[in-house]
Amino acid sequence: MPTHSITYDTYPTPDDLPEAERELLTRAKKALPNSYSPYSNFKVAAAARLEDGTIVTGWNTENAAYPMCLCAEPATLAAAASQRPGMPVVAMAITVKSPDQVLNQPASPCGSCRQQLHEQEGRYGQAIRLILRGEEGPVYVFKSAGDLLPFAFSGSLL
Ligand code: THU
């Protein structure tokens with residue numbers, strides 16, 4: 001029977017990360033207060049490192065018409081594209097803060113975010129390394145957003 005598996009790295013704390021990844025996670029955490037999330041009060045922030053080393057941050061932005069809420073990940077991709085058109089994202093750190101609990105496990109990007117990250121990977125032929133952490137606890141590092149989206153829908157089918 002066919003199987004699908006991925007490998008990823010875990011680090012007990014951000015202090016155990018390589019310097020560049022720790023820096024990216026720190027930038028994401030610093031951006032959390034910018035989250036505009038008056039409806040869920042669930043803050044999500046991301047920091048993207050671009051191929052030229054630029055770091056761009058973004059956060060979730062909600063709307064009274066709930067389906068219009070913008071997740072942190074595509075907000076960050078759009079900010080990166082605006083600041084450095086045509087420059088691939090090579091890594092993204094994502095962190096969250098829940099209003100109800102101290103999350104001690106990473107929150108994974110939602111399905112829509114995974115699809116949008118996957119599109120960028122295909123567009124530039126560049127894997128986006130994902131660095132995920134809750135408010136506390138371990139850090140998970142995935143080599144590629146595509147690892148989180150097996151059997152993805154892709155433009156090659158169109
Ligand atoms: N959210 C994100 O920003 N990224 C995700 O991948 C999942 C969810 C936001 C959307 C909404 O503002 C809040 O988290 C609660 O769902």
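First things first, this report covers the structure right here in the doc. Here the structure is a predicted model, which is why all the values come from computation and not from measurement.

Before going further, it helps to examine the layout of surface pockets. In this structure, the largest pocket spans a volume of roughly 180 Å³. For the largest pocket, the lining is made up of 16 residues, of which Phe42, Val44, Cys71, Glu73 and Cys110 are closest to its centre. Mapped onto the lining of the largest pocket, the elements with two or more residues apiece are helix H2 (72-83) and strand S4 (89-97). Class assignment for the residues of the lining of the largest pocket results in twelve nonpolar, two polar and two charged. Each pocket or cavity is described by its volume, and for the second largest pocket that value is around 150 Å³. Lining the second largest pocket are Pro14, Arg22, Leu25, Thr26, Lys29, Leu32, Thr95, Val96, Lys97, Arg133, Gly134 and Glu135. The set of elements that each furnish at least two residues to the lining of the second largest pocket consists of helix H1 (19-31) and S4. Tallying contributions element by element places H1 first for the lining of the second largest pocket, with four residues.

What counts as what
- Residues numbered from 1 in each chain as written.
- Predicted model: local features only at pLDDT ≥ 70, side-chain atom pairs only at ≥ 80, totals over all residues.
- Heavy atoms only, no water.
- 1 Å grid on protein atoms, 1.4 Å probe; cavity = no way out; pocket = protein on both sides within 12 Å on 5 of 7 lines; lining within 4 Å.
- Points joined across faces, edges and corners; volume = space filled by probe spheres on them.
- Helix = DSSP H or I, 4+ residues; strand = E, 2+ residues; numbered from the N terminus.
- Nonpolar A, V, L, I, M, F, W, Y, C, P; charged D, E, K, R; others polar.

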